[in-house]
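Given next are the chains, with one letter for each unit.
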Amino acid sequence: MPFPADSAPAGATDCHFHIFGPYERFPLSAGRHYDPPEAGLAAYRAVASGLGLQRFVVVQPSIYGTDNACTLDAVAQLGAGVARAVVVIDASVSDAALAAMHAAGARGIRFNAVSGNGAPLDGLAPLAARIAPLGWHVQVYVDGLQLPALAPQLRALPVPVVIDHMGQLDPRLGIDHPAFRALLDLLHTQHCWVKLCAYRASA
C-alpha cells in the first residue's frame, strides 16, 4: 500500500476505527446486519505505522453488539498509554462492568441507529446518566435526517456528545437543509463534536 510522503504530525490520533476478528476468538453477534471480512490488529498497525498515527480510539462495531471483548482486547494490545475505546452497552450493564471497562480504557458509549444491534436511542438519557460520573461521552451514529428531532435530547445530556460520520448527511441536500443547520447548531453549543469521515457521506 502506498503511503503519503509526509507523516502525520506528532501525537496524531485515529479517532475511529474497528477491529474485526479473529473470528475464531471473537465470534460475530447473531444480531448483526452485515458480515465483514476479518480486519485484525496486525493489519491495522501496518496502516497506522505507514500514516504515522500514534494514538488510537477503537470503536465498537455493530457486528459485535454489546460484547466489547474484541474492542477492549485491541486497546490492551495497543497499550493503555496510547489507546482508548468507545463501547456499546445496554440497560442491563452493571456498575461493576462499567468500572471494569473504564479500567480497560473505555471512555465513551456508542448508539448506532444505522446498523443497530445495540441500545436504542430511547436509552440515551438513562445510559448517559450512568456514564456521567465516569467522565465518558456519548457517540451517536444516526441518519442525518434524524438530527433536527434528536438535537434537543442531545443538548440535554449530562455528557459530551460525538456525532459519527459527519452526521450522515447527504451533501446534495445543501447547507440550508434543516438537518445540516441542526448539526451546526449542536456544534455551536461546545457540547458536541463531529467526526470528519467522508466515505459514508460522499455523493
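Please refer to the structure placed before this passage.
Remember, it's a predicted structure, so these values are computed and weren't measured experimentally. Position numbers for residues start from 1 in each chain and track the written sequence from start to end. Local features in this predicted model are restricted to residues whose pLDDT is 70 or higher, and side-chain atom pairs enter the listing and the counts only when it is 80 or higher, whereas totals over whole chains, interfaces and linings include all residues. Heavy atoms from the whole structure form the basis of all side-chain values; hydrogens and water molecules are not counted.

Participant: What should I look at first to understand the overall build of the protein in this one?
Facilitator: Only DSSP runs of H or I with at least four residues qualify as helices, and only runs of E with at least two residues qualify as strands; both kinds are numbered from the N terminus onward. Scanning the protein for helices and strands turns up six helices and seven strands. Reading the protein from its N terminus to its C terminus gives the helix and strand order β-α-β-α-β-α-β-α-β-α-β-α-β. Here the C-alpha atoms of the protein give a radius of gyration of 17 Å, agreeing with the 17 Å that 2.2 N^0.38 yields for 203 residues. Considering only C-alpha atoms, the protein reaches an extent of 45 × 40 × 30 Å along its principal axes. Note on exposure labels: buried denotes an accessible area under 20% of the residue type's maximum, exposed denotes more than 50%, and partly exposed covers the range between, all computed with a 1.4 Å probe on protein chains only. Out of the 203 residues in the protein, the part that is buried amounts to 43%. A positive count includes Lys and Arg, and a negative count includes Asp and Glu. His and the chain ends are not counted in either. The atoms used to mark charge sites are NZ of Lys, CZ of Arg, CG of Asp and CD of Glu. Computing the positive centroid from 13 side-chain charges and the negative centroid from 15, the protein places the two 5 Å apart. The globule rule is 2.2 Å times the number of residues to the power 0.38, and the radius of gyration it is compared with is taken over C-alpha atoms.

Participant: In this structure, what is going on with unusual backbone geometry? I would like to understand it.
Facilitator: As a rule of thumb, non-glycine residues mostly have phi less than zero, and peptide bonds are mostly trans rather than cis. In this structure, Pro22 follows Gly21 across a cis peptide bond, with omega equal to 5°. For Pro22, the position within the fold is in the loop between strand S1 (13-17) and helix H1 (41-51). Positive phi, close to 55°, is recorded for Met166, a residue that is not glycine. Mapped onto the elements of the fold, Met166 is located in the loop between strand S6 (161-163) and helix H6 (178-188). With phi around 60°, Gln190 is a residue other than glycine that occupies positive phi space. In this fold, Gln190 is placed in the loop between H6 and strand S7 (192-194). In this structure Gln190 comes out as exposed when scored by relative accessible area, which is 72%.

Participant: So what exactly am I meant to see when it comes to the environment of Arg110 here?
Facilitator: Tracing the backbone shows Arg110 in strand S4 (residues 106-112). Between the C-alpha atom of Arg110 and that of Val88, which follows or precedes it by 22 residues, the distance is 5.2 Å. Any two residues whose heavy atoms approach within 4.5 Å at even a single point are treated as in contact. In this view, Arg110 contacts His16, His18, Val59, Gln60, Pro61, Val86, Val87, Val88, Gln139, Tyr141, Asp164 and His165; residues no more than four positions away in its chain are not counted. Think of a polar contact as two N or O atoms within 3.5 Å of one another; within protein, one of them needs to be a possible hydrogen donor and the other a possible acceptor, and neighboring residues in sequence only count if both atoms come from side chains. At a separation of 2.7 Å, a polar atom in the side chain of Arg110 contacts the side chain of Asp164.

Participant: Can you walk me through the pairing of S4 in this structure?
Facilitator: In terms of burial, S4 is a largely internal element, six of the seven residues being buried. Only strands joined by at least two bridges in the DSSP assignment are considered to pair. Relative to S4, strand S3 (residues 83-87) runs parallel, the two sharing three bridges. Its bridge partner lying in S4, Val86 is registered against Gly108. Note that S4 and strand S5 (residues 137-141) share five bridges and pair parallel. Looking at the pairing, Ile109 lines up with Val138 of S5. One crossover worth recording links S4 to the parallel S5 by way of helix H4 (residues 124-131), and it is right-handed. A clockwise course of the path from the first strand over the helix to the second, judged with the strands pointing away from the viewer, identifies a crossover as right-handed.

Participant: How should I be thinking about the sheet that holds S6 in this particular structure?
Facilitator: Neighbouring strands of a sheet are bound in pairs by backbone hydrogen bonds; such pairs are parallel or else antiparallel. With parallel pairing, seven strands are arranged side by side in an open sheet as S1-S2-S3-S4-S5-S6-S7. In this open sheet, the two strands that pair with only one neighbour each are S1 and S7. Across the sheet, the mean angle separating the axes of adjacent strands is 25° when strand polarity is ignored. Note: S5 against S6, three bridges, orientation parallel. Counted as the bridge partner of Val138 is Val161 from S6. For helices, the fitted line uses only the C-alpha atoms of the stretch in contact; every axis is such a line through C-alpha atoms, and the angle between N-to-C directions lies from 0 to 180 degrees. Strand contacts of H4: S4 and S5, with the helix running at about 150° to S5, the strand carrying the most contacts.

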